[in-house]
Amino acid sequence: FFKQLGFMDSMQIEIPERAHTLVPHKWKPLNHMTASYGHGISVSPLHVLVAGGAMINGGVLYPPSLQKVAMPIGQRVVSAQTSSTLRDMMRRVVTVGTGKNANVEGYAVIGKTGTANKPQQGTYSEDARITIFLSGFPGHAPRYVMLVMLDEPTGIEATYGQTGAGWNAAPTSGNIIKRIAPILG
């Protein structure tokens, strides 16, 4: 499945600067388990954006481009029913879950928070985090997908000292959507 999503290779795009994925050289059962929640594998934000788009657009992965192109031929990676179920789940993340701070009235934002302790010297840091919020809108038939990533966010009074994605990446996404959605129509 990771191979279908493009996670095993560098993202093919029109610029020479491409991040190399970091994956285990030999996949063992433990690698399969830990990769399921993001440990032991490292992909670029563009990988996450492209795969996330496929999860919510009906299940088809399209190659990314920095140029305006005709609709490319995509590859089905999940069924339309699975994609619909994921959209429903991601809507609940925004309405009652950890992504509540991304909700924008009138745009049915869908999303998923992610908070990860950064790897440092062979272990995971207790203090250094990366937070992300993958979102799409409108939720019933997403036309736009967005990834907000924050490196080592600081807890402030407004977040009650919290540094998880629901407190910083999610509201940042909501604020961006609130500003650009009316422009996009």
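The structure displayed is predicted, hence computed values, not measured ones. (Residues numbered from 1 in each chain as written. Predicted model: local features only at pLDDT ≥ 70, side-chain atom pairs only at ≥ 80, totals over all residues. Heavy atoms only, no water.)

A. Main features of the confidence of the model for the protein chain. Per-residue confidence for the protein chain gives a mean pLDDT of 93, with 100% of residues at or over 70. Of all helices and strands in the protein chain, the one with the weakest mean pLDDT is helix H1 (residues 29–35) (89), whereas helix H3 (residues 80–95) scores best (98). (pLDDT = per-residue confidence, 0-100. Helix = DSSP H or I, 4+ residues; strand = E, 2+ residues; numbered from the N terminus.)

B. Quick look at the packing of helix H2 (residues 45–56) against H3. Where H2 meets H3, the axes come as close as 7 Å, and the angle between the chain directions of the two elements is 105°. With respect to each other, H2 and H3 are oriented roughly perpendicular. Facing H2, whose interface residues are Ala54, Met55 and Ile56, H3 presents Ser83, Leu86, Arg87 and Met90. (Axes fitted to C-alpha atoms, helices over the stretch in contact; angles between N-to-C directions. Parallel < 35°, antiparallel > 145°, perpendicular 65-115°, else oblique. Contact = heavy atoms within 4.5 Å.)

C. Main features of the sheet that holds strand E4 (residues 123–137). With antiparallel pairing, the three strands of this open sheet are ordered in space as E3-E4-E5. In this open sheet, the two strands that pair with only one neighbour each are strand E3 (110–120) and strand E5 (144–151). Going across the sheet, the axis of each strand differs from the next one's by a mean of 20°, ignoring polarity. Note: E3 against E4, ten bridges, orientation antiparallel. (Pairing = 2+ DSSP bridges.)

D. Spotlight on H3. The terminal C-alpha atoms of H3 lie 23 Å apart, and with 16 residues this matches the ideal 22 Å at 1.5 Å per residue to within 8%. Those residues of H3 lying buried are Ser83, Arg87, Met90, Val93 and Val94. With its buried residues spanning 115° around the axis, H3 presents them on a single face. Exposed side chains of H3 directed beyond 90 degrees from the buried face belong to Gln81, Asp88 and Arg92. Turning to H3, the residues buried within the fold contact H2, E3 and E4. (Expected span 1.5 Å × (residues − 1). Buried < 20%, exposed > 50% of the residue type's maximum accessible area, 1.4 Å probe, protein only. Arc of directions from axis to C-beta.)

E. Fine view of the pairing of E5. Relative to E5, E4 runs antiparallel, the two sharing eight bridges. Opposite Phe133, over in E5, you have Val148 as the bridge partner. If you look at the hairpin formed by E4 and E5, you'll find six residues sitting between the two strands.

F. Just the packing of aromatic side chains, in detail. In this structure the tally under the stated criterion is four aromatic pairs. Pairing Tyr160 with Trp167 gives two aromatic rings, centres 5.6 Å apart and planes at 80°, and the pair type is edge-to-face. For Tyr160, a relative accessible area of 65% corresponds to the exposed category. Site record: aromatic cluster; members linked through ring pairs are Phe2, Phe7 and Trp27. (Phe/Tyr/Trp six-rings, centres within 6.5 Å; stacked < 30°, edge-to-face > 60°.)

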